[in-house]
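# Commentary on secondary and tertiary structure
The residues making up each chain are set out below.
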Amino acid sequence: MTRVLFVCTGNVHRSVLGERLLAARLPAGSAVRSESAGTEARPRPGMERSTRAVLEKLGGDGSGFAARRLTAPLVAGAGLVLGLAREHREAAVRLAPSAMRRCFTLKEFVRLAAGGVDGVRGWADGETPCAQGRLVDEGVRGGTRERCGPAGPPGPVPYAAAPRSPAPGTVHGRAPRREAAAPVLAFDVVVAAAAARRGSTGPVPAADDDVLDPWAQPYEVLYECAREIDRAVSRLALLLGGGGASV
């Protein structure tokens with residue numbers, strides 16, 4: 001089980017919505033577990049009433065929730081830490097500096113990972129995706145990737161077998177070419193690809209990375225906040241191999 005930890009300030013609105021909406025968008029049996037915490041949260045059982053209302057309106061489950069404060073072990077034990085604003089990402093890194101490459105804001109991660117995964121997949125003609133383990137080990141250095149190439153995976157064993165007679169229904173001994181489906185990459189590969197792109201992309205405005213705090217705002221503001229989070233976590237679920245549609 002791989003943990004995705006959402007972080008906001010009070011663990012009342014934004015991180016709660018991130019946790020429960022991602023859980024709703026991931027497929028049944030997913031190995032990803034979503035959780036949340038707050039940098040200034042007071043531990044308490046139950047979900048805030050308005051948060052639960054907008055969550056359930058968007059198809060999430062509001063049962064069994066308990067707010068908790070962000071701690072170093074929570075950050076260190078998560079496969080991915082997603083702050084709802086830059087201040088939350090920075091707070092997580094201060095608690096567990098070794099987790100820096102796994103700490104992003106939600107919107108930042110989706111933006112970086114989408115471009116990074118496209119690069120890792122390598123859809124050039126004749127190119128095949130490389131072993132995911134190598135990408136993780138190398139941290140996708142500099143945002144680059146190794147290429148397996150048309151000759152197949154590296155190693156002493158030749159990729160192509162000895163020539164054989166063409167099989168029925170083939171063209172020149174080869175089956176008709178089909179559209180290749182994008183592979184589902186391993187969780188660690190997606191995170192490494194996003195981390196590699198972070199230093200190679202230009203700065204963006206805070207609004208592109210942050211979700212504004214709806215604390216003490218009208219219900220309509222909270223609902224729009226929830227919809228913004230839902231759009232981001234729906235894209236996140238796709239990146240991690242799931243894919244419920246955003247409302």
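Let me begin by describing the structure that accompanies this report.

Calculation criteria
Residues numbered from 1 in each chain as written. Predicted model: local features only at pLDDT ≥ 70, side-chain atom pairs only at ≥ 80, totals over all residues. Heavy atoms only, no water. Buried < 20%, exposed > 50% of the residue type's maximum accessible area, 1.4 Å probe, protein only. Helix = DSSP H or I, 4+ residues; strand = E, 2+ residues; numbered from the N terminus. Pairing = 2+ DSSP bridges. Right-handed = clockwise from strand over helix to strand, strands pointing away. Salt bridge = Lys/Arg side-chain N within 4 Å of Asp/Glu carboxyl O. Axes fitted to C-alpha atoms, helices over the stretch in contact; angles between N-to-C directions. Parallel < 35°, antiparallel > 145°, perpendicular 65-115°, else oblique. Left-handed = near helix turned anticlockwise from the far one by under 90°. Contact = heavy atoms within 4.5 Å. Nonpolar A, V, L, I, M, F, W, Y, C, P; charged D, E, K, R; others polar. Core = buried A, V, L, I, M, F, W, Y, C linked by side-chain atoms within 4.5 Å.

### Quick notes on the pairing of strand 5 (residues 80–83)
The side-chain alternation of strand 5 yields two buried faces, one formed by Leu-80 and Leu-82 and the other by Val-81 and Gly-83. Direction of pairing for strand 1 (residues 2–8) relative to strand 5: parallel, over a ladder of four bridges. Bridge pairing in strand 5 places Phe-6 opposite Leu-82. When strand 5 meets strand 6 (residues 103–105), the two strands line up parallel, connected through three bridges. Across the sheet, Leu-82 pairs through a bridge with Phe-104, a residue of strand 6. Read as a crossover between parallel neighbours, the route from strand 5 over helix 4 (residues 86–95) to strand 6 is right-handed.

### What to know about the pattern of salt bridges
Within the structure shown, the criterion is met by 14 salt bridges. The salt bridge involving Arg-33 is made with Glu-35; its shortest N-O contact spans 3.2 Å. For the salt bridge of Arg-89 with Glu-108, the shortest nitrogen-to-oxygen distance reads 3.0 Å. Taken as a pair, Arg-89 in helix 4 and Glu-108 in helix 5 (residues 106–121) lie far apart in primary sequence, 19 residues in all. Relative accessible area serves as the criterion here: at 17%, Arg-89 is assigned to the buried category. When salt bridges with common partners are traced through the structure, they connect Arg-3, Arg-33, Glu-35 and Arg-68 into a single cluster.

### Regarding the packing of helix 2 (residues 49–57) against helix 9 (residues 219–239)
Packing of helix 2 against helix 9 leaves a shortest axis separation of 10 Å and a crossing angle of 50°. Between helix 2 and helix 9, the angle is such that the two are oblique. Every pair of crossing elements has a handedness; the one defined by helix 2 and helix 9 is right-handed. Taking contact as the criterion, the partners of Ser-50, Thr-51, Ala-53, Val-54 and Lys-57 in helix 2 are, on helix 9, Tyr-219, Leu-222, Tyr-223 and Ala-226. By residue class, the composition of the contact of helix 2 with helix 9 is six nonpolar, two polar and one charged.

### Things to note about the pairing of strand 1
Counted residue by residue, strand 1 has six buried out of seven residues, so it is predominantly covered. Pairing of strand 1 with strand 2 (residues 32–38), which is carried by seven bridges, proceeds in the parallel orientation. The residue of strand 2 that forms the bridge with Arg-3 is Arg-33. Chirality of the crossover, the property in question, places the unit of strand 1, helix 1 (residues 14–25) and strand 2 among those that are right-handed.

### Some words on the side chain of Ser-34
Structurally, Ser-34 can be placed in strand 2. On the basis of relative accessibility, which here comes to 10%, the residue Ser-34 falls in the buried class. Ignoring any residue separated from it by four or fewer positions in sequence, one finds Ser-34 in contact with Val-4, Phe-6, Glu-19, Leu-22 and Ala-23.

### Focus on the nonpolar core
By size, the foremost hydrophobic cluster in this structure holds 42 residues, and its most contacted members are Leu-106, Phe-109 and Leu-236. Counting only elements with at least two residues in this core, the list comes to strand 1, helix 1, helix 2, strand 5, helix 5, helix 7 (187–198) and helix 9. Considering each element in turn, this core owes the most residues, 10 residues, to helix 9. When residues no more than four places from it in sequence are discounted, the contact partners of Leu-236 are Phe-6, Leu-22, Leu-80, Leu-82, Leu-106, Phe-109 and Val-110. If you look at the next biggest cluster of nonpolar residues, it comprises 12 residues, including Val-7, Ala-37, Leu-74 and Val-75.

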